[in-house]
Amino acid sequence: MTERIVIVGYGMAGARLAAELHARGGDRKVTVLGAEPHRAYNRILLSTLLAGKIGEPDVELVEVAGQGADVRTGTAVTAIDRAAREVRTADGDRHGYDHLVLATGSRALVPPLPGLEPLPDRVVPFRTLDDCRRILAAARGARRALVLGGGLLGLEAARGLAARGLDVTVVHPVGHLMERQLDEPAGAVLAGTLGGLGVRTRLGVTATGVAADADGIRLDLGDGDSLTADLLVLSCGVRPDTALAAAAGLAVDRGVVVDDRMRTSDRRISAIGDCAQHNGTLTGLVAPAWAQARVVAEVLTGADPLVRYRPRPVVTRLKAAGIDLAAMGDAAGAPDGGGPVEELTFADPARGTYARLRIRDERLTGAILLGDNPAVGTVVQLFDRGAPVPSDRRSLLLGRAFGAAPAAPAASPALMPDAATVCQCNDVSKGALVACWRAGARSAAELSAATRAATGCGGCRDAVAGIAGWLAEVDPAAGHQEPSTDRVEVAG
Ligand SMILES: Cc1cc2nc3c(=O)[nH]c(=O)nc-3n(C[C@H](O)[C@H](O)[C@H](O)COP(=O)(O)OP(=O)(O)OC[C@H]3O[C@@H](n4cnc5c(N)ncnc54)[C@H](O)[C@@H]3O)c2cc1C
């Protein structure tokens, strides 16, 4: 009998799983049920859309679920009947399953403030394409905008609105910005950089209420002050969407609890992406969501029944024009675990530059690099691979060579080790791109199509183009030098 797989949620994880299942072939019926009214899209790129750098057609996912799957958009699942092995939808349909995958993602958190229930017209969270459309509609003709929340997404929204000419203020309850990724001095340097780009910050102050009328929005603050604007964007964090799982009696903590094969407490039900909690951790990022989709596809198709999900180190980057920021590991807080730790910092606030490295046993356990630092690619590689750091640390901290320190590698794909991860979202190494070239790909677009590199956040597009350019020059098919090296270099 044909196996029936039902995927609840047509977002980045659900769409990827359907594509992964299709790619593995076989006789199974895949049904994708998505609450949003449109086809799955690249949610990561909403910040770039808000900033006006791309248009709506550009947020389409490169691989949308469609081929081989029965995709129902605008179809919210309202209940799971585990005994009957079927799900019910808001329009009264029932879909039977042999295996069910929950990919319900997260919801934007709306803070419990007076004046936000119901949400006034020009007060908008920032999570979905429809949210983005509403923000853009409200921004048209607006002069001033407020953003509640100075985390990563709040700052991306603020920078995007400022780039559209709005006067923007970010209100954040903590004493410094992006406190999950940054320490206090880095937060202060970032606030200065944002100030220069037209984004004001009000830090260490809570919002106490919102009042909205035809004239605009008023945000009341805990220090007695009030701010007024034409638009208020809420960026107060997200919560995994676990309601369906909890109502069905599955084990739920902060997210739906899963094992290494992404199975929930019911072996016929898996969970992936933002809604899943693996090993006590919620991810909230696309790279783990896509890695989890791959694991479930391997398990369900029997392609690799022994496969296990293994989390990789996370690197956070801010997608905001004029701000270069990469943060990773434990650099923002106390060191993880024991053992002597080496801390290195460099700050030049006037130039918007800050760097902090934390090293233990000759390996990076965390880093913050803010502002122009040519070593960023090398630092990310060393962190990602757990590789030893160079004996002269200054090259990493300041991004240039000292004395006999080796020259910068990031500028030259030839000097990148084959194991270096080029595309974090899809976990594509330089070696995989080289292998793909050898197999016949002849341009950056063909490398992307074959490996998926640069189809997530797009942050590695230049690196993939650089590698394609280098391979074109040294193409072994033309009988020149081997396009591969295993030298580990550090930036200088
Ligand atoms: C503006 C923005 C920028 C971001 N930038 C980055 C970034 O740079 N890097 C990064 O790694 N991550 C980023 N993220 C996070 C990333 O988008 C998420 O980690 C990713 O989308 C998770 O995929 P998912 O499929 O689990 O959840 P989602 O993409 O949220 O998809 C879940 C889907 O399930 C649907 N659904 C929920 N309940 C039901 C139901 N009962 N029935 C049917 N459908 C249902 C929802 O409507 C939604 O369409 C960003 C997010 C936002 C909002």
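Rules behind the numbers
Residues numbered from 1 in each chain as written. Predicted model: local features only at pLDDT ≥ 70, side-chain atom pairs only at ≥ 80, totals over all residues. Heavy atoms only, no water. Core = buried A, V, L, I, M, F, W, Y, C linked by side-chain atoms within 4.5 Å. Buried < 20%, exposed > 50% of the residue type's maximum accessible area, 1.4 Å probe, protein only. Helix = DSSP H or I, 4+ residues; strand = E, 2+ residues; numbered from the N terminus. Contact = heavy atoms within 4.5 Å. pLDDT = per-residue confidence, 0-100. Domains from an automatic or database assignment. Buried area = accessible area lost by both parts, 1.4 Å probe. Salt bridge = Lys/Arg side-chain N within 4 Å of Asp/Glu carboxyl O. Nonpolar A, V, L, I, M, F, W, Y, C, P; charged D, E, K, R; others polar. Pairing = 2+ DSSP bridges. 1 Å grid on protein atoms, 1.4 Å probe; cavity = no way out; pocket = protein on both sides within 12 Å on 5 of 7 lines; lining within 4 Å. Points joined across faces, edges and corners; volume = space filled by probe spheres on them. Axes fitted to C-alpha atoms, helices over the stretch in contact; angles between N-to-C directions.

### With respect to the nonpolar core
Point 1. Membership of the largest hydrophobic core comes to 70 residues, with the highest contact counts inside it found for Ile 7, Leu 17, Ile 80, Leu 100, Leu 102 and Ile 272.
Point 2. Per-element accounting of this core gives the leading share, nine residues, to helix α7 (residues 286–301).
Point 3. Setting aside anything within four residues of it in sequence, one finds Leu 102 in contact with Val 8, Ile 80, Ala 245, Leu 250, Ile 269, Ser 270, Ala 271, Ile 272 and Cys 275.

### Observations concerning the confidence of the model for the protein
Point 1. Averaged over all residues, the pLDDT of the protein is 91; the fraction at 70 or higher stands at 93%.
Point 2. Contacts for the low-pLDDT stretch residues 404–409, under 50 throughout, to residues beyond four places or in other chains number 19 contacts.
Point 3. Low pLDDT, under 50, characterises residues 478–482; the stretch is placed with six contacts to residues that sit more than four places away or in other chains.

### Comments concerning the domain arrangement of the protein
Point 1. Domain parsing of the protein yields domain 1 (3–107 + 239–301), domain 2 (123–234), domain 3 (315–403) and domain 4 (421–480).
Point 2. On a C-alpha basis, the centres of domain 1 and domain 4 stand 29 Å from each other.
Point 3. Contact with domain 1, which involves 11 residues of that partner, is made by eight residues of domain 4.
Point 4. Between domain 1 and domain 4 lies a buried interface of about 760 Å² when both sides are counted; carbon and sulfur atoms form 47% of it.
Point 5. Inspection of the domain 1/domain 4 interface yields one salt bridge.
Point 6. Between Arg 452 and Glu 20 there is a salt bridge, with the nearest N and O atoms lying 2.9 Å from each other.
Point 7. For the side of domain 1 that touches domain 4, the element with the highest residue contribution is α7, accounting for four residues.
Point 8. Residue classes in the side of domain 1 that touches domain 4 are distributed as six nonpolar, one polar and four charged.

### Examining the pairing of strand β24 (residues 342–348)
Point 1. As paired elements, β24 and strand β25 (residues 353–360) share seven bridges and run antiparallel to each other. Residue pairing across strands places Thr 345 opposite Arg 356, the latter belonging to β25.

### Details of empty space enclosed by the protein
One water molecule sets the probe size; rolling that probe over the atoms shows where empty space is left.
Point 1. Counting across every chain of the model gives two cavities of 30 Å³ or more.
Point 2. One number sums up the size of the largest cavity: a volume of about 50 Å³.
Point 3. Residue composition of the lining of the largest cavity, grouped by class: four nonpolar, one polar and two charged.
Point 4. Here the second largest cavity is characterised by a volume of approximately 30 Å³.
Point 5. Forming the walls of the second largest cavity are Leu 102, Thr 104, Asp 241, Thr 242, Ala 243, Leu 244, Ala 245, Val 256 and Cys 275.

### Some remarks on the side chain of Thr 169
Point 1. Structurally, Thr 169 is set in strand β11 (residues 167–172).
Point 2. You can call Thr 169 buried: its relative accessible area is 10%.
Point 3. The residues touching Thr 169, leaving out its near neighbours within four places in the chain, are Ala 145, Leu 146, Val 147, Arg 200, Arg 202 and Leu 227.

### Regarding the sheet that holds β11
Point 1. Taken in spatial order, the five strands make up an open sheet running β9-β16-β10-β11-β12, and their pairing is parallel. What marks the edges here is a single partner per strand, and that holds for β9 (123–125) and β12 (199–203). Taken over all neighbouring pairs, the strand axes of this sheet differ in orientation by 20° on average, direction set aside.
Point 2. In the sheet, strand β10 (residues 144–148) pairs with β11 via five bridges, with the strands oriented parallel. Residue pairing for β11: Arg 144 is matched across the bridge by Asp 167.
Point 3. Together, β9 and β16 (231–234) form the strand contacts of helix α3 (residues 129–139), whose direction differs from that of β9 by roughly 150°.
Point 4. Taken strand by strand, helix α4 (residues 152–163) contacts β10, β11, β12 and β16, and its axis lies near 165° from that of β11.

### As for the layout of surface pockets
Point 1. Within this model, the second largest pocket holds a volume of roughly 210 Å³.
Point 2. Lining of the second largest pocket is provided by Phe 346, Asp 348, Arg 351, Thr 353, Asp 372, Asn 373, Pro 374, Leu 397 and Leu 398.
Point 3. Among the secondary structure elements, those contributing two or more residues to the lining of the second largest pocket are β24 and α9 (394–398).
Point 4. Tallied by class, residues from the lining of the second largest pocket come to four nonpolar, two polar and three charged.

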